[in-house]
Structure formats: C-alpha cells, structure tokens
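Secondary and tertiary structure notes
Below are the chains, spelled out letter by letter.
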Amino acid sequence: MRIAELKVNRNANDMERVNNLEAKNSELDERLKGYESYKTDWQKFKEEFNSDMNELGESFKNFTEDKK
C-alpha cells in the first residue's frame, strides 16, 4: 500500500526510487514465500530477513522525510 501511495504524483527521479523500493519489497516477499524450499537455519534466515526489512523500512522513512 505504501508503494502505491508513493507512486501518486511523482517525478521521474522519485519514480526510480519508488521502483527500487518496490523491487526490494518483491524480492523480500519471494524470499519469505520460498523459505521452505531453501531449508536454511530458521534463526539465521529470520535475522537476515529482519535486517533487510528494517533496511527497507528505513528507505521508506527516508523517502518520505526527504519530501518534507
């Protein structure tokens, strides 16, 4: 939902950043959905995934703060 909100009335530079955020979000979604097929250590997977999610969250936060 946040990505869709960010796409409204954005210039070309902003759209590139939004598209990068959307790609990262999709990548994380696929990693989460595919966890069972990887059969990795859950704790390690969770730590890496949470780190990546926090990074994505900071990117969203920075994007909206840059616009204020």
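Residues numbered from 1 in each chain as written. Predicted model: local features only at pLDDT ≥ 70, side-chain atom pairs only at ≥ 80, totals over all residues. Heavy atoms only, no water.

Take the nonpolar core next. I3, L6, V18, L21, L28, Y35, F45, F49, L56, F60 and F63 form the largest nonpolar core, which has 11 residues in total. Of all elements in the fold, only helix 1 (2-7), helix 2 (12-33) and helix 4 (42-66) reach the threshold of two or more residues within this core. The element best represented in this core is helix 4, accounting for 5 residues. For F45, the residues in contact, after removing those within four places along its chain, are R31, L32, Y35 and T40. (Core = buried A, V, L, I, M, F, W, Y, C linked by side-chain atoms within 4.5 Å. Buried < 20%, exposed > 50% of the residue type's maximum accessible area, 1.4 Å probe, protein only. Helix = DSSP H or I, 4+ residues; strand = E, 2+ residues; numbered from the N terminus. Contact = heavy atoms within 4.5 Å.)

Our next topic: the packing of aromatic side chains. Here the structure, examined in full by the defined rule, presents 2 aromatic pairs. Aromatic side chains F45 and F49 sit 5.8 Å apart centroid to centroid with 20° between the ring planes, which places their arrangement in the stacked category. Taken together, the residues span about one helical turn, with F45 and F49 both in helix 4 at a distance of 4 residues. F49 gets classed as buried once you look at its relative accessible area, which sits at 11%. Taken together, the aromatic side chains of W42, F45 and F49 make up a single cluster linked through ring pairs. (Phe/Tyr/Trp six-rings, centres within 6.5 Å; stacked < 30°, edge-to-face > 60°.)

All right, on to the confidence of the model for the protein then. When pLDDT is averaged across the protein, the result is 81; 85% of the residues are at 70 or more. Averaged pLDDT values over the elements of the protein bottom out at 71 in helix 3 (residues 35-38) and peak at 85 in helix 2. (pLDDT = per-residue confidence, 0-100.)

Relative to the helices and strands, D52 is located in helix 4. Overall, the relative accessible area of 17% leaves D52 in the buried class.

To continue, consider the environment of R17. Structurally, R17 is set in helix 2. R17 sits 43 residues away from F60 along the chain, and the two C-alpha atoms are 9.7 Å apart.

Overall, the coordinates contain 3 salt bridges when judged by the stated rule. Of the charged contacts in the structure, one is a salt bridge between K33 and D29, with a shortest N-O distance of 3.0 Å. Linking K33 with D29, this pair stays in helix 2, spanning 4 residues, or about one helical turn. By relative accessible area, which is 59% here, K33 ends up exposed. Here D29 falls in the partly exposed class, since its relative accessible area comes to 33%. For D52, the salt bridge is made with R31, and the minimal N-O distance between the two is 2.5 Å. On the criterion of sequence distance, the pair formed by D52 in helix 4 and R31 in helix 2 is long-range, its members being 21 residues apart. (Salt bridge = Lys/Arg side-chain N within 4 Å of Asp/Glu carboxyl O.)

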